[in-house]
Amino acid sequence: MYKILKAGKLAGNIYEMVVEAPRVAKHCLPGQFVIVKMDEVGERIPLTICDYDREAGTITIVFQPIGASTEKFTYLKTGDSFRDFVGPLGRPSELCEEENLEETRKKKILFVAGGVGTAPVYPQVKWLHEHGIDADVIIGAKTKELVILEDKFQAVCGNLYITTDDGSYGRSGMVTKVIEDLVTTEGKTYDHCVAIGPMIMMKFCCLTTKKYNIPTIVSMNPIMVDGTGMCGACRVMVGDEVKFACVDGPEFDGHAIDFDAAMKRQAMYKTEEGRALLKLRE
Ligand code: NAD
Ligand code: FES
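Residues numbered from 1 in each chain as written. Chains lettered and ligands numbered in written order. Predicted model: local features only at pLDDT ≥ 70, side-chain atom pairs only at ≥ 80, totals over all residues. Heavy atoms only, no water.

## Structural notes on the site of ligand 1
Where we set the bar: Any residue with a heavy atom positioned within 4 Å of a molecule or strand is treated as near that molecule or strand. Polar contacts, as used here, are pairs of N or O atoms within 3.5 Å; protein pairs need one atom able to donate a hydrogen and one able to accept it. Residues neighboring in sequence count only if both atoms are side-chain atoms. For accessible areas, the Shrake-Rupley method is used with a probe of radius 1.4 Å. Any residue's cover is judged against the shown protein chains and nothing else. By the criteria applied, helices consist of DSSP H or I runs no shorter than four residues and strands consist of E runs no shorter than two, each listed in order from the N terminus. Polar here means any residue outside two lists: the nonpolar Ala, Val, Leu, Ile, Met, Phe, Trp, Tyr, Cys and Pro, and the charged Asp, Glu, Lys and Arg; Gly therefore counts as polar.
Near ligand 1, the surroundings consist of 22 residues, among which V116, K142, D165, S219 and N221 are the closest. The contact in question runs from an oxygen atom of ligand 1 to an N or O atom on the side chain of D165, over 2.7 Å. Between ligand 1 and S219, the relevant distance is 2.7 Å, taken from a nitrogen atom to a main-chain nitrogen or oxygen of the residue. Expressed as a share of its isolated accessible area of 870 Å², the protein-covered part of ligand 1 is 83%. For the shell around ligand 1, the secondary-structure elements that each account for two or more residues are β9 (136-141), α6 (175-184) and α7 (199-211). A per-class count over the shell around ligand 1 returns ten nonpolar, ten polar and two charged.

Structure below.
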C-alpha cells in the first residue's frame, strides 16, 4: 500500500497528492509517469509526475477528475493509502538527460504548459535549472483561479509568461497567441519548444511552432491500459509509424504526430466514462 502524506486541492478541480513511494522517487526522471490503482478492482490511471524528492522518498502527482476512477481518487485524504503506484514508466525527456547536456546548453528553450499539463512541465524546467539552464515558460489557463504552480516556476525558470483565456490574469488569450507575440513582436528566438497540455492545445502549438521552424516535443496522454507496451491501447501515429506512448513515449516529435487521429481515439470511451461517473455520484 502507498501512503498519502498530503492531499488537497491545488486550484478549481485540480488536486495534488504527495505519495510515499521511495523506489519510484529514487529512479524517476523528468518526463516519466506512473500508473495508480486505488484498490484490487480499481481502474489503472496513468498520471504524470509533477515533482519528486529522492531523499524524502516522495512523488507529487497532480490530477483532475475526468471519470469515475479519478473522481474516487479525490475522495482520498492525507493519511489514507491506496493499492498500486507503478513506475517510473515511459522514457525520460531527452532534454533532461545528462549525456545531452552539452547540446541542451546551446539551445534557447521554450516550454508551453496548458492547464493541468502545467504539472509535468515543472520537473523538466526544475531539472534544467539545477543544471544551469533557465528556460522560458508560458503557462496558459482558462481563468485566474486555474493558474497552478506559478511560484514554483518563478523560482526555476527564465522568463515566465502567464496567460488566461478570459484575460483575468497575466496576458489575455491562448498560449498560441503568446508564442506568436514572443517570436513576431517581442524579438524572441527559440531553438526548441516543449508543449504539454490538452491535445487540442498541443496540436495548435505545433501548427504555430512549425511556421517558425521551432522543433517541438509534446507529451502524449492517450488512453492506457497496461502501460508496458503489451495491449496497444496507447498507440499514436508519429509520421507513418505506430508508436506506443507508454514505452516509446510519452514524448514525441509534435510536428510528426497525427493529432486528429489521437483525439478521435481519446474520445472513444467518453460515453462509457460519463455513465460510470453518473453511477458513482448516484
Ligand atoms: P484547458 O482546456 O484549460 O487548456 C489549457 C490551455 O491550453 C488554455 O488556457 C489555452 O491557453 C490552451 N488551449 C486550449 N485549447 C487551445 C486551442 N484550441 N488552441 C490553442 N491553445 C489552446 O486545459 P485543462 O482543462 O487543464 O486540460 C485538461 C486536459 O489536459 C485533459 O484532457 C488532460 O488529459 C490533459 N493533460 C495532458 C497532459 C499531458 O501529459 N499531455 C497532462 C495532464 C493533463
Ligand atoms: Fe498498453 Fe501502452 S498502455 S501498450
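Let us keep going from here.
## Some points on the packing of aromatic side chains
What counts here: The aromatic pairing rule takes the rings of Phe, Tyr and Trp, using the six-membered ring of Trp, and pairs them if the centres are within 6.5 Å, calling planes under 30 degrees apart stacked, those over 60 edge-to-face and the rest tilted. Relative accessible area decides the class of each residue, using a 1.4 Å probe on protein chains only: under 20% of the type maximum gives buried, over 50% gives exposed, and in between gives partly exposed.
Using the criterion set out here, one finds seven aromatic pairs in the structure. For the ring pair Y15 and F63, a centre distance of 5.9 Å and an interplane angle of 20° mean the geometry is stacked. In this pair, Y15 is assigned in strand β2 (residues 14-20) and F63 in strand β5 (residues 58-63), connecting sequence segments 48 residues apart. Summarising the aromatic geometry, the rings of F73 and F82 are spaced 5.0 Å apart at their centres and angled 65° between planes, so their arrangement reads as edge-to-face. Judged by its relative accessible area of 2%, F73 is buried. Through a chain of ring-to-ring contacts, the aromatic side chains of Y2, Y15, F63, F73, F82 and F85 assemble into a single cluster.

## Focus on the sheet that holds β9
Worth spelling out the cut-off: Paired strands, in this sense, are two strands between which DSSP finds at least two bridges. Two residues qualify as a contact provided that any one of their heavy atoms is within 4.5 Å of a heavy atom in the partner residue. Lines fitted to C-alpha atoms define the axes, with helix axes restricted to the stretch in contact, and inter-axis angles between N-to-C directions lie between 0 and 180 degrees.
Spatially, the seven strands line up as an open sheet ordered β11-β10-β9-β8-β12-β13-β16, and their pairing is mixed. Edge positions in the sheet fall to β11 (171-172) and β16 (251-253), since each of these pairs with one other strand and no more. Note: strand β10 (residues 160-164) against β11, two bridges, orientation parallel. Opposite T163, over in β11, you have R171 as the bridge partner. Running over the sheet, α6 touches β8 (109-114), β9, β10 and β11 and is turned about 145° from β9.

## Let's talk about the packing of α7 against helix α9 (residues 259-267)
Heads up, the rule is: Angle categories are assigned with fixed cut-offs, so that under 35 degrees is roughly parallel, over 145 is roughly antiparallel, 65 to 115 is roughly perpendicular, and the rest are oblique.
Between α7 and α9, whose axes approach to 10 Å, the crossing angle comes to 175°. As judged from the angle between their axes, α7 and α9 are roughly antiparallel. Residue-level contacts link M199, I200, M202, K203 and C206 of α7 to F259, D260, A262, M263 and Q266 of α9. Per-class residue counts for the contact of α7 with α9 are seven nonpolar, one polar and two charged.

## Re the nonpolar core
Going by this rule: We call a set of buried residues a nonpolar core when its members are Ala, Val, Leu, Ile, Met, Phe, Trp, Tyr or Cys and they connect through side-chain atoms within 4.5 Å of each other. Domain limits in this description derive from either an automatic procedure or a database domain assignment.
Ranked by internal contacts, the top residues of the largest apolar core, which has 52 residues, are I59, F85, F111, L128 and F153. Per element, the largest residue contribution to this core is six residues, and it comes from helix α4 (residues 118-130). When residues of this core are sorted by domain, at least three fall in each of domain 1 (2-89) and domain 2 (94-219). If we skip the residues at most four places from it in the chain, L128 touches L95, C96, T104, I109, F111, I133 and A135.

## Remarks on the domain arrangement of the chain
Convention followed: For any pair of parts, buried area is found by adding up, for both, the accessible area (1.4 Å probe) each one loses once the two are put together. Between Lys or Arg on one side and Asp or Glu on the other, a salt bridge is scored when a side-chain nitrogen of the former is within 4 Å of a carboxyl oxygen of the latter.
Here the chain is described as being made up of domain 1 (2-89) and domain 2 (94-219). Just the C-alpha atoms count here: the centres of domain 1 and domain 2 sit 24 Å apart. Contacts between domain 1 and domain 2 engage 14 residues on the former and 14 residues on the latter. When domain 1 packs against domain 2, the two sides together hide about 1,200 Å² of surface, and 69% of this comes from carbon and sulfur. Counting the surface domain 1 buries against domain 2, the share from its top three residues, P30, C50 and D51, is 36%. A salt bridge links D51 to K152, with the shortest nitrogen-to-oxygen separation between them at 3.2 Å. Top element by residues in the side of domain 1 that touches domain 2 is strand β4 (residues 45-53). It accounts for five residues. For the side of domain 1 that touches domain 2, the per-class residue count stands at nine nonpolar, four polar and one charged.

## Looking at the sheet that holds strand β3 (residues 33-37)
Taking strand neighbours across the sheet as the criterion, the seven strands line up as β6-β1-β2-β5-β4-β3-β7 in an open arrangement whose pairing is antiparallel. Since the sheet does not close on itself, it has two edges, and those belong to β6 (81-82) and β7 (84-89), each with one partner. Bridge analysis of strand β1 (residues 2-11) against β2 gives six bridges, and the strand direction is antiparallel. Note on β2: the bridge partner recorded for K9 is Y15. Where α4 meets the sheet, its contacts fall on β4 and β5, and the angle it forms with β4 comes to roughly 35°.

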